[in-house]
Amino acid sequence: MKIAVVGSGYVGLVAAVCFAEMGHDVICVDNDERKVKALQGGDSLIHEEYLPELLNRYRNTKVLFMTDLAEATRESEVIFIAVGTPQSDTGDADLSYVEAVACEIARSLTSYKVLVEKSTVPVYTNEWIRRAIERNGVARSMFDVVSNPEFLREGTAVADFLHPDRIVVGADSERATKLLQEIYAPLTEGSYYRRPDAITGSCSAEALPPLLITSTKSAEIIKHASNAFLALKISFINAVSNLCEAADADVEQVAMGMGLDSRIGPRFLRPGIGYGGSCFPKDVAAFRSVAGQLGVDLGILAEVEKINAQQKKRFLSKVRAALWTLRGKHLAVLGLAFKGGTDDIRASPAIDLIGMLIGEGCSITAYDPAAIERAREKMPPSACLKYVDDPYVAAKDADALLILTDWSEFGSLELKRLYKTMRYPIVIDGRNLYEPKVMLDKGFTYVSIGRPTLHQAR
Ligand code: UDX
């Protein structure tokens, strides 16, 4: 099928190359000429597994990158809108990019098209898009608007897209529903998974993904409610981790015991320094805000946000408690990205914590396998902030080492080497990547989240 994807950010770009991988012909449109040129030249712009391979396989053949939305509209049957919906000052999603795209599509619409909301949008956006198109003189019979939220995670975006737990299609028209079913048929009917070169996902052995058809409003709410629920799960375990610290219990054991209940499940119960990234903070705020506008107080989400903010402050207190005073301390920081597997630093708790620690008078040497370049743009190097390209160089002569991102390589450091290079062998781990007992045996004072702190007797 001929598909257009508007927006070449995380969701748009991944969707474009994955639709090509599923056999479709795709035009990916972005109004940023520099981005379009880079993508045409094979630069994927973001750090994401499988993306460079797929981009190189399909660019300028099955995926065309261009700035011309009118041409893309003319050439495609289905148009996915995957532009940004950033958080506005009020907490609402700013939908001005979605509106601009809808109006531009309307102006070049000459035959029936399906417009698909792929960006995360609040309930009722569908109706607003419909109205915007009609206001531009397009007859209702010429188009349908469908909500097809995307649930991919950064770091595993391509595999998640091709191996979704479910595909949600919110549509009020049979014609549009059929087109969406056709697009996703390689996944829902399994022909993609039977290909010998198919990209495997974490759940590849499981059943085929179901395609759930709902009303457009339900689909919009499914996306916001899912992200809010996952954020709630993380804040819940973070709150429990604080209790575990107070009671001298181990939150990892508690999470394991809870997660074995199939009604709860083990995922998204990892305690840490709070959730970050471009979705959870923004979506929790937007969901609360749209509910409020409809007269529903989702106060539970205020608590989720509060716990998340406190979790960073609690980590700062842990650093202070481990070092006595902070002014003049030299810290090694491992991790800048908001999570492992990505170079994205948007709403990264690591970046926030570095800012707080510098504010307290610490100097920092930071390392991250992928996010240094982006961090440098946001926080340029200075007398109190250095970036290095090796974790052991970061640890040299440090008063303590802080682990702030769950990159897998941070969980397999050469501990002997680390011990020798640091001034004091103190590791403060915001992601629980090590067994406390192992760290103690290797000579470290080890502070983590929701578990007893083991001090070296000196
Ligand atoms: C999220 C949703 O998972 C995805 O479905 C949606 O499409 C976009 O938003 P993403 O932000 O890419 O994906 O990453 P995710 O893996 O969900 O992690 C979000 C944040 O929560 C990260 O800061 C991560 O470190 C944190 N997290 C996650 C925890 O602290 N504990 C956990 O158990 C899981």
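Just so we're clear, the structure is a prediction, and the values are computed from it rather than from any experiment.

### Thoughts on the nonpolar core
If you look at the biggest cluster of nonpolar residues, it comprises 92 residues, and the most contacted ones within it are V6, V14 and F80. The dominant element in this core, judged by the number of residues it contributes, is helix α1 (residues 10-21), at ten residues. Taken together, domain 1 (2-214) and domain 2 (216-458) each give at least three residues to this core, which thus spans both. Core analysis: the second largest hydrophobic core is formed by 47 residues, V319, L353, A366 and A370 among them.

### Quick word on the site of the ligand
Around the ligand sit 19 residues, and of these E154, R270, Y275, G277 and C279 come closest. The leading source of residues in the shell around the ligand is helix α9 (residues 216-247), at three residues. Of the residues in the shell around the ligand, the class split is ten nonpolar, four polar and five charged.

### Quick word on the packing of helix α11 (residues 280-293) against helix α12 (residues 299-323)
As a packed pair, α11 and α12 sit with axes 9 Å apart at the nearest point and diverge in direction by 155 degrees. The angle between α11 and α12 falls in the class roughly antiparallel. The hand of the α11/α12 crossing is left-handed. Residue-level inspection shows V284, F287 and R288 of α11 in contact with α12, the latter providing L301, A302, V304 and E305. Residues belonging to the contact of α11 with α12 are distributed by class as follows: five nonpolar, no polar and two charged.

### Examining the UniProt feature "domain: UDP-glucose/GDP-mannose dehydrogenase C-terminal" (unreviewed entry) in the chain
In the UniProt entry, the feature "domain: UDP-glucose/GDP-mannose dehydrogenase C-terminal" (unreviewed entry) is given for residues 332-436. Measuring from the first to the last C-alpha atom of residues 332-436 gives 19 Å, for a span that is 30% helix and 18% strand.

### Focus: α9
If you check α9, its first and last C-alpha atoms are 47 Å apart, about what 32 residues at 1.5 Å a residue would give, namely 46 Å. Once α9 ends, the next one or two residues include D248, with phi positive near 65 degrees.

### Some points on the sheet that holds strand β11 (residues 385-387)
Spatially, six strands are ordered β11-β10-β9-β12-β13-β14 in an open sheet, and the strand pairing comes out parallel. One side of each edge strand has no neighbouring strand; the edge strands of this open sheet are β11 and β14 (445-447). Each strand of the sheet is rotated relative to its neighbour by a mean of 20 degrees, with strand direction disregarded. When strand β10 (residues 363-367) meets β11, the two strands line up parallel, connected through three bridges. Paired with T365 across the strands is K386, a residue of β11.

### Focus on the UniProt feature "active site" (unreviewed entry) in the chain
Taking the UniProt record as the reference, the feature "active site" (unreviewed entry) is found at C279. The residue C279 is located in the loop between α10 (251-259) and α11 in this model. Not counting residues within four places of it along the chain, the set of residues in contact with C279 comprises T120 and N227.

### Notes on the confidence of the model for the chain
Put simply, the chain has an average pLDDT of 96, and 98% of its residues get 70 or more. The ipTM assigned to the predicted complex is 0.98, against a pTM of 0.95.

### Overview of α12
Its 25 residues give α12 an end-to-end C-alpha distance of 37 Å, which sits within 8% of 36 Å, the value for a rise of 1.5 Å per residue. Where α12 is concerned, the buried positions are L301, V304, I307, N308, Q311, F315, K318, V319 and A322. Where α12 is buried, its residues meet α9, α11, α13 (349-359), β12 (400-403), β13 (426-429) and β14. Immediately downstream of α12, the backbone of W324 shows phi near 75 degrees, a positive value.

### Details of the environment of S363
Secondary-structure assignment places S363 in strand β10. On a C-alpha basis, the gap between S363 and R327 in space is 8.6 Å, while along the polypeptide they are 36 residues apart. Not counting the four nearest positions on each side in its chain, S363 is found in contact with H330 and C384.

### A few points about unusual backbone geometry
Trans is the common state for peptide bonds, and a negative phi is the common state for residues other than glycine. Of note, D248 is a non-glycine position whose phi angle comes to about 65 degrees, a positive value. Locating D248 in the fold gives a position in the loop between α9 and α10.

### Points about the environment of S317
By secondary structure assignment, the location of S317 is in helix α12. Spatially, the C-alpha atom of S317 lies 26 Å from that of K420, the residues being 103 residues apart in sequence.

### Quick notes on the packing of α12 against α13
Any two packed helices are characterised by how steeply their axes cross, that is the angle between the axes, and by the distance between the axes. With their axes 10 Å apart at the nearest point, α12 and α13 run at an angle of 50 degrees to one another. When the axis of α12 is compared with that of α13, the two are oblique. The handedness of the crossing between α12 and α13 is right-handed. Counting all contacts with α12, which are made through K312, F315, L316 and V319, the residues of α13 involved are P349, D352, L353, M356 and L357. Across the contact of α12 with α13, the residue classes tally to seven nonpolar, no polar and two charged.

Conventions used here
- Residues numbered from 1 in each chain as written.
- Predicted model: local features only at pLDDT ≥ 70, side-chain atom pairs only at ≥ 80, totals over all residues.
- Core = buried A, V, L, I, M, F, W, Y, C linked by C-beta atoms within 7 Å.
- Buried ≥ 20, exposed ≤ 12 C-beta atoms within 10 Å, placed from the backbone.
- Helix = DSSP H or I, 4+ residues; strand = E, 2+ residues; numbered from the N terminus.
- Domains from an automatic or database assignment.
- Near = placed C-beta within 6 Å.
- Nonpolar A, V, L, I, M, F, W, Y, C, P; charged D, E, K, R; others polar.
- Axes fitted to C-alpha atoms, helices over the stretch in contact; angles between N-to-C directions.
- Parallel < 35°, antiparallel > 145°, perpendicular 65-115°, else oblique.
- Left-handed = near helix turned anticlockwise from the far one by under 90°.
- Contact = placed C-beta atoms within 7 Å.
- UniProt positions renumbered as here; feature names shortened; annotations may be inferred.
- Expected span 1.5 Å × (residues − 1).
- Pairing = 2+ DSSP bridges.
- pLDDT = per-residue confidence, 0-100.

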